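# Observations on chain architecture
Here are the chains, one letter per residue:
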Amino acid sequence: TLMLSKDLHVYMKRERMYEQNKNQMFSVVFRQCSEAVKAKLEADDWYKSLGSSSNVVGLLTLVRTIAYYYEARQYPFLAIHSALKTYYPHYQRAHATNDAYQEAYTSLHEVVEHCSGSIGNHNSLVDYVLKNDENSPQMCHQHLPRS
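All values reported here derive from a predicted model rather than from experimental measurement.

### Remarks on the overall build of the chain
Each helix and strand in the chain was counted, giving eight helices and zero strands. Listed N to C, the secondary structure of the chain is α-α-α-α-α-α-α-α in terms of helices and strands. Expressed as a percentage of its 147 residues, the buried residues of the chain come to 18%. Looking at the chain alone, contacts between residues at least 24 apart form 48% of all its contacts between residues at least 6 apart. Counting only carbon and sulfur atoms, one obtains 57% of the accessible surface of the chain, whose full area is about 11700 Å².

Structure below.
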């Protein structure tokens, strides 16, 4: 039982350290936010539960959502362009694990979708080309000689 007591003591010490680190990290991330972002965070219902549990990952997710929502709403073309500019050159580095690559890829893909973009198919651009390009099938059909 002495060994079990020591193990329990070590576990409890690590658990306290983990909670302290989580609280500190949550505080650091929150302090890095602008006043406007802090106000939006504090107005969000989910933030209240994040703060009570010092959920750093949840806080970062909420900050990202606020930032992308603002950019996508204010400047939709720029938001899609920025997301795609980050997405397309991404590749798996030589020493990256498959899991790390998959996580980064999924995150980048989610950003593109969040901005209402799509990978490889931009319907608005396709529509534009079809309406304005003289070589598009629709335009060629209009210029065919009638018999």
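Still to come is the rest of the account.
### Structural notes on the packing of aromatic side chains
For the structure shown, the criterion picks out five aromatic pairs. Centroid distance Y87 to Y88: 5.4 Å. Interplanar angle 75°. Geometry classified as edge-to-face. Using a relative accessible area of 10% as the deciding quantity, one classes Y87 as buried. Classification of Y88 by relative accessible area gives partly exposed; the value is 46%. Every member of this aromatic cluster is reached through a ring pair, and the members are Y87, Y88, Y101 and Y105. Residue placement shows R93 over the ring face of Y91; its charged tip is 4.0 Å from the ring centre.

### Side note on unusual backbone geometry
The backbone of S54 shows a phi angle near 55°, a positive value even though the residue is not glycine. Among the structural elements, S54 can be located in the loop between α3 (45-53) and α4 (56-74).

### Focus on the environment of R64
Assignment of secondary structure puts R64 in helix α4. Not counting the four nearest positions on each side in its chain, R64 is found in contact with S107, E110 and V111.

### Things to note about the confidence of the model for the chain
In regions of low pLDDT, the predicted coordinates are not meant to be interpreted in detail. In this model, the chain carries an average pLDDT of 82, and 86% of its residues clear a pLDDT of 70 or more. Confidence drops under pLDDT 50 across residues 143-147; counting only partners more than four residues distant or on other chains, this segment forms zero contacts.

### What about the packing of helix α1 (residues 2-32) against α3?
At a minimum axis distance of 9 Å, the contact between α1 and α3 shows a crossing angle of 140°. Comparing the axis directions of α1 and α3 gives the class oblique. Across from K22, F26 and F30 in α1, the residues of α3 making contact are Y47, L50, G51 and S53. Split by residue class, the contact of α1 with α3 holds four nonpolar, two polar and one charged.

### Some points on the side chain of K38
Relative to the assigned elements, K38 resides in helix α2 (residues 35-43). In this structure K38 comes out as buried when scored by relative accessible area, which is 14%.

Conventions we followed
- Residues numbered from 1 in each chain as written.
- Predicted model: local features only at pLDDT ≥ 70, side-chain atom pairs only at ≥ 80, totals over all residues.
- Heavy atoms only, no water.
- Helix = DSSP H or I, 4+ residues; strand = E, 2+ residues; numbered from the N terminus.
- Buried < 20%, exposed > 50% of the residue type's maximum accessible area, 1.4 Å probe, protein only.
- Contact = heavy atoms within 4.5 Å.
- Areas by Shrake-Rupley, 256 points an atom, 1.4 Å probe, with all protein chains shown as cover.
- Phe/Tyr/Trp six-rings, centres within 6.5 Å; stacked < 30°, edge-to-face > 60°.
- Lys NZ or Arg CZ within 6 Å of the ring centre and 35° of its normal.
- pLDDT = per-residue confidence, 0-100.
- Axes fitted to C-alpha atoms, helices over the stretch in contact; angles between N-to-C directions.
- Parallel < 35°, antiparallel > 145°, perpendicular 65-115°, else oblique.
- Nonpolar A, V, L, I, M, F, W, Y, C, P; charged D, E, K, R; others polar.

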